[in-house]
Amino acid sequence: MTSPLMAALEVFEAAEANLIKLERLWEEIQLLIPTGIAFGESPEYEDRCRSMTTVLAALPKLAGWKPSISPPDLNDVAQNRFDAIESGDPTAQLHIENWIAEPGRDIREYRFRFNQKRRELVRDTLVELIDSVDAAIREMRRAIGGAEPNAKVELKRWEELKSLLDQIKVLLGSSIPQPAYWSVLARHLHFGMVCDFDDIEKNDWPMVKKELRQGLYGENEPLPVEVEDLASLVAAKPRGAVTMQLDWRRLNAEDFERLVFTLISNEPGYENPEWLLRTNAPDRGRDLSVMRIVIDGLAGTLRLRVVIQCKHWLAQSISLPDVSSAKEQMALWTDPRVDVLVFATSGRFTADAVQWVEKHNSSGHAPRVEIWPESHLERLLAARPALIAEFKLR
């Protein structure tokens, strides 16, 4: 039975097929428009125009809009060009050429809006698939252990990994660019040796995942700004108190995790961020994972695995039992080991919890525990105002 998502994708596929036909017809029509002044008829041009009108009628609207265009009549083109030359006004000639090219601009506008809507359609599912690939790779690493590099990977999870990546490829379509490392990852999947899995885990998938997330959230998509001219704000010479406090109530638990994930994803010195399990899952205290890269000019590069537990708690502070029990749960983890456990919260920590963390870290026992209360996050975000705006925290 076809899922609602696949049914929606099929509609988008049909719409894109018509859009591609429309784009091709316009290219052919442009080639049939004379470059100079030429009166007369062109049956081939007329046929292309009729086909374009038919295809355009089959295009669905996007948020209530679609192009309302028709190719120019060739005799009208010739007459307008003649009149523009006779007038001796160069801007008149430019106006005519812009008028001729107008259908192409509307078609490109439709393509832009189409890609935006398709990304919006697949976004949540693609995020879930990325998380599932992360989970599959972790499970396979535990199962493979220290197997010989030239051994064949004989795991059910290997086929499941292929299926997950196939689903991702379907969701990408043409609206999200295929990552540069995709073909390399596919080649390693095909050969299926332990050494291929090593490459997928360490290089291919982290690079692919980074590009997927960049394409998914459209770095060029704008946020609404309520002022037409920023100079008007400066001219008003506003004065008043400056506060770092953010409105954490605007976020739900998943939004808070997404904020912290975005923070570690965009920060230099952090690699291969993972959203380990769904929000509020029985996750043994784990939410996000990332590799922290520490570069020492004398000792070399140190890679630390950091697990971040996100707690969007507004009405209560994180207590000593919350911190100590989560730290003990790290003992249940298998390789790779956890070097740093971070508690990130939109609230605060009790005094007992802070004292316990300080005592634990001074003992030198692993993992090191870091606490990121709201005040710490607010300082981090103060230097990253774009994130404050994106998550509507003011």
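Note: the structure precedes this text.
In short, a report on the structure. (Residues numbered from 1 in each chain as written. Predicted model: local features only at pLDDT ≥ 70, side-chain atom pairs only at ≥ 80, totals over all residues. Heavy atoms only, no water.)

### Quick word on the pattern of salt bridges
What the rule picks out here adds up to 26 salt bridges. For Arg157, the salt bridge goes to Glu139, with nearest N and O atoms at 3.0 Å. With Arg157 in helix 5 (residues 156-172) and Glu139 in helix 4 (residues 90-144), the pair connects residues that are 18 residues apart, well separated along the chain. With relative accessibility at 35%, the residue Glu139 sits in the partly exposed group. One salt bridge connects Glu159 with Lys162, and the closest N-O pair in it is separated by 3.7 Å. Remark: Lys162 and Glu159 occur in helix 5; sequence separation between them is three residues, near one turn of the helix. Its relative accessible area of 48% is what places Glu159 among the partly exposed residues. (Salt bridge = Lys/Arg side-chain N within 4 Å of Asp/Glu carboxyl O. Helix = DSSP H or I, 4+ residues; strand = E, 2+ residues; numbered from the N terminus. Buried < 20%, exposed > 50% of the residue type's maximum accessible area, 1.4 Å probe, protein only.)

### Brief notes about the packing of helix 5 against helix 7 (residues 194-216)
It is the contact of helix 5 with helix 7, at a shortest axis distance of 14 Å, that shows an interaxial angle of 20°. Judged on the interaxial angle alone, helix 7 and helix 5 are roughly parallel. For helix 5 against helix 7, the interelement crossing comes out left-handed. On helix 7, the residues that touch Trp158, Leu165, Ile168 and Leu172 of helix 5 are Phe197, Ile200, Trp205 and Leu212. Tallied by class, residues from the contact of helix 5 with helix 7 come to eight nonpolar, no polar and no charged. (Axes fitted to C-alpha atoms, helices over the stretch in contact; angles between N-to-C directions. Parallel < 35°, antiparallel > 145°, perpendicular 65-115°, else oblique. Left-handed = near helix turned anticlockwise from the far one by under 90°. Contact = heavy atoms within 4.5 Å. Nonpolar A, V, L, I, M, F, W, Y, C, P; charged D, E, K, R; others polar.)

### A closer look at the sheet that holds strand 5 (residues 368-372)
A sheet is described by the order of its strands in space; here five strands give the open sequence 1-2-3-4-5, paired in mixed fashion. A single partner strand is all that each edge strand has here, and the edge strands are strand 1 (270-275) and strand 5. Strand-to-strand twist in this sheet, taken as the mean axis angle between neighbours without regard to direction, amounts to 25°. Relative to strand 3 (residues 300-311), strand 2 (residues 288-296) is paired through nine bridges, and the arrangement is antiparallel. Among the inter-strand pairings, Val290 is bridged to a residue of strand 3, identified as Val306. (Pairing = 2+ DSSP bridges.)

### Focus on the packing of aromatic side chains
Within the structure shown, the criterion is met by five aromatic pairs. For the ring pair Trp65 and Tyr110, a centre distance of 6.3 Å and an interplane angle of 35° mean the geometry is tilted. Taken together, the positions of Trp65 in the loop between helix 2 (43-58) and helix 3 (74-87) and Tyr110 in helix 4 put the pair 45 residues apart, joining distant regions of the chain. A residue is classified by how much of its surface remains accessible, and Trp65, at 24% relative accessible area, is partly exposed. For Tyr110, a relative accessible area of 1% translates into the label buried. Over the ring of Trp65 we find Arg113; its NZ or CZ atom is 4.3 Å from the centre of that ring. (Phe/Tyr/Trp six-rings, centres within 6.5 Å; stacked < 30°, edge-to-face > 60°. Lys NZ or Arg CZ within 6 Å of the ring centre and 35° of its normal.)

### Quick word on unusual backbone geometry
Comment: phi is negative for the bulk of residues other than glycine, and the bulk of peptide bonds are trans. For the bond running from Ala366 to Pro367, omega is -5°, close enough to zero to count as cis. Inspection of the secondary structure puts Pro367 in the loop between helix 11 (351-363) and strand 5. Of note, Ala63 is a non-glycine position whose phi angle comes to about 50°, a positive value. Structurally, Ala63 is set in the loop between helix 2 and helix 3. The exposure class assigned to Ala63 is exposed, which follows from its relative accessible area of 77%.

### Examining the side chain of Glu370
Mapped onto the elements of the fold, Glu370 is located in strand 5. Among residues more than four places away in sequence, those in contact with Glu370 are Arg292, Val340, Leu341, Val342 and Phe343.

### Comments concerning helix 3
Its 14 residues place the ends of helix 3 20 Å apart at the C-alpha level, agreeing with the 20 Å of an ideal helix rising 1.5 Å per residue. Those residues of helix 3 that sit buried are Leu74, Val77, Ala78, Arg81 and Ala84. The buried side chains of helix 3 occupy one side of the element, clustering within an arc of 130° when seen end-on. One side-chain oxygen at the N-terminal end of helix 3 lies 3.0 Å from the backbone nitrogen of Asn75; it belongs to Asp73. Where helix 3 terminates, the next one or two residues include Gly88, which has phi positive at roughly 75°. (Expected span 1.5 Å × (residues − 1). Arc of directions from axis to C-beta. Polar contact = N/O pair within 3.5 Å; in protein donor to acceptor, adjacent residues only side chain to side chain.)

### Examining the nonpolar core
By size, the foremost hydrophobic cluster in this structure holds 30 residues, and its most contacted members are Leu126, Val133, Trp158, Leu161, Leu165, Ile168 and Trp205. Where this core is concerned, the elements lending two or more residues are helix 4, helix 5, helix 6 (182-191) and helix 7. No other element matches helix 4, which puts ten residues into this core. Leu126 has contacts with Ile168, Leu171, Leu172, Ile176 and Leu216, leaving out every residue within four places of it along the chain. Leu246, Phe256, Val306 and Val340 belong to the second largest nonpolar core, which has 26 residues in total. (Core = buried A, V, L, I, M, F, W, Y, C linked by side-chain atoms within 4.5 Å.)

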